Amino acid sequence: MSGKKKKPPLDLRERTIIEVRYRDGNSMRNIAKELDRNVSTISREIDGKPSRGIGKYIADVSHRKVLERISNRGNISKIDKYTELKEYVIKNLKLGWSPEQISGRIKKDYPRNKIIMRISHEAIYQYVYNQFHRGGNGTLKKDCEDLRMYLPRKRKRRMKKGARIPQKVIRRENLPVIEDRPKIVNRRKETGHWENDFVLAKKSKQAIKTTNELVSGLYLFGKTKGKKAKDGDEVLFSKLSIIPSKYLKTLTRDNGSENRNYQEVEKVLGLNVYYANPYHSWEKGANENANGLLRRFFPKGTDWSKITDNR
């Protein structure tokens, strides 16, 4: 007997979209269509909170409660269930690998063990924060280890997706939006699709401009002369000028004012620029993660003027 494949439970990204869309006045039907979910799923999630005001439905609170219910049912995470997997994850976290790197590398290190030695980066993050009560917001559980210091950003609490705020959000009128970006980018099967951003320090007049390619994982960065859009684009041009044009297809960036000159970028590099939605940092998550790894070596407060190109 055939039937539709059962969808997995809502994740934090989907719950965040529900919170934002519902607060902005979207109907449950429209939200369900955007997430490719049943309307009943959205209705159950909002669960008797018809008011649209801020605080009436909070995504991370709802998500934490779900995780707590799962924990209370006695479910054991896959990492705890398999000793070899647990040792692999913890060892490489302590070596400085990100959950994304671990999730990708384990497939090459254990090509034949496709059942036990496979883990998603999201499961690793959940494992790290579930060592604490209240889904990562409470005290350390008995006989558990605090692994948060080994994560790229070393946060004591997991941030709500999209919480990182760009310098100044620019209006989206007449901007090429991520919804119009070719769907093949999301599948990560074609080389030539890039993301970029600034890595800033309040006390430094300079910054770091970073860019990454989604399929190869190539990550390029350089120091800027200042923090204006033209300063960052100069570094972007110098780094991508060495890349063959056939591997320059799209570039996704956020809505910060430091990214406003997209027409010049398209003209110089011969690619198409698209803007992520405001406060949706996960829409260029690979760059966010790579920048977090860079912060391990150059933490917040770094004066970039004192860092040479060789260091």
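Residues numbered from 1 in each chain as written. Predicted model: local features only at pLDDT ≥ 70, side-chain atom pairs only at ≥ 80, totals over all residues. Heavy atoms only, no water.

A. Fine view of the overall build of the chain. Tallying secondary structure elements over the chain gives twelve helices and five strands in all. Scored against the burial criterion, the 311 residues of the chain give a buried share of 42%. Sequence-distant contacts, at least 24 apart, represent 59% of the contacts inside the chain between residues at least 6 apart. Carbon and sulfur atoms make up 50% of the accessible area of the chain, which amounts to about 18400 Å² in all. (Helix = DSSP H or I, 4+ residues; strand = E, 2+ residues; numbered from the N terminus. Buried < 20%, exposed > 50% of the residue type's maximum accessible area, 1.4 Å probe, protein only. Contact = heavy atoms within 4.5 Å. Areas by Shrake-Rupley, 256 points an atom, 1.4 Å probe, with all protein chains shown as cover.)

B. The nonpolar core, seen in detail. One finds I79, L85, V89, L93 and I124 to be the most contacted residues of the largest nonpolar core, which totals 17 residues. When contributions to this core are tallied by element, the ones reaching two or more residues are α6 (83-94), α7 (99-109) and α8 (121-129). Excluding its chain neighbours within four sequence positions, the residues that come into contact with L93 are P99, I102, I124, V128, L147, Y150 and L151. Counting residues in each nonpolar core, the second largest holds 15 residues, with L220, L251, Y262 and L271 among its members. (Core = buried A, V, L, I, M, F, W, Y, C linked by side-chain atoms within 4.5 Å.)

C. Structural detail: the sheet that holds strand β1 (residues 193-199). Taken in spatial order, the five strands of this open sheet run β3-β2-β1-β4-β5, and their pairing is mixed. Among the strands making up the open sheet, the edge pair consists of β3 (219-223) and β5 (272-275). Between one strand axis and the next, the sheet turns by 20° as a mean value, whatever way the strands run. Pairing between strand β2 (residues 208-213) and β3: five bridges, direction antiparallel. Its bridge partner lying in β3, N212 is registered against Y219. Taken strand by strand, helix α11 (residues 262-269) contacts β4 (250-253) and β5, and its axis lies near 150° from that of β5. (Pairing = 2+ DSSP bridges. Axes fitted to C-alpha atoms, helices over the stretch in contact; angles between N-to-C directions.)

D. Molecular detail of the packing of α7 against α8. The geometry of α7 relative to α8 is characterised by a closest axis approach of 8 Å and an angle of 130° between their N-to-C directions. In terms of orientation, α7 lies oblique with respect to α8. Crossing geometry of α7 relative to α8 is assigned as right-handed. Each of P99, E100, I102 and S103 in α7 lies in contact with α8, whose residues at this interface are H121, I124 and Y125. Taken together, the residues that form the contact of α7 with α8 break down as four nonpolar, two polar and one charged. (Parallel < 35°, antiparallel > 145°, perpendicular 65-115°, else oblique. Left-handed = near helix turned anticlockwise from the far one by under 90°. Nonpolar A, V, L, I, M, F, W, Y, C, P; charged D, E, K, R; others polar.)

E. Spatial organisation of unusual backbone geometry. Positive phi outside glycine occurs at D143, with the angle close to 65°. Judged by relative accessible area, D143 falls into the exposed class, the value being 74%. We note that R188 has phi near 55°; this positive angle belongs to a residue other than glycine. Secondary-structure assignment places R188 in the loop between α9 (184-187) and β1.

F. Structural context of the environment of Y127. Along the chain, the position of Y127 falls in helix α8. On the basis of relative accessible area, Y127 is assigned to the buried category, the value being 5%. Spatially, the C-alpha atom of Y127 lies 9.3 Å from that of L147, the residues being 20 residues apart in sequence. Not counting chain neighbours up to four residues away, the residues in contact with Y127 comprise S77, I79, D80, K86, I90 and L147.

G. A look at the pattern of salt bridges. For the structure on display, the rule yields 15 salt bridges. K94 is paired through a salt bridge with E145; the nearest N and O atoms lie 2.7 Å apart. A residue pair is termed long-range when its members are at least 10 positions apart, and K94 in helix α6 and E145 in the loop between α8 and α9 qualify at 51 residues. Here D231 and K230 are joined by a salt bridge, their closest N and O atoms 3.5 Å apart. (Salt bridge = Lys/Arg side-chain N within 4 Å of Asp/Glu carboxyl O.)

H. How the structure looks around the packing of aromatic side chains. Here the structure, examined in full by the defined rule, presents four aromatic pairs. Judged by centre distance (5.6 Å) and plane angle (80°), the ring pair of Y88 and Y110 falls under edge-to-face. Residue Y88 is located in helix α6, and its partner Y110 is located in the loop between α7 and α8; the two are separated by 22 residues in the primary sequence. Owing to a relative accessible area of 23%, Y110 belongs among the partly exposed residues under this scheme. Note on Y262 and Y275: the rings are 5.9 Å apart at their centroids and 90° apart in plane angle, and the pair reads as edge-to-face. (Phe/Tyr/Trp six-rings, centres within 6.5 Å; stacked < 30°, edge-to-face > 60°.)

I. Geometry of the confidence of the model for the chain. Taken over all residues, the pLDDT of the chain has a mean of 84, while the share at 70 or more is 86%. Confidence drops under pLDDT 50 across residues 165-170; counting only partners more than four residues distant or on other chains, this segment forms 20 contacts. (pLDDT = per-residue confidence, 0-100.)

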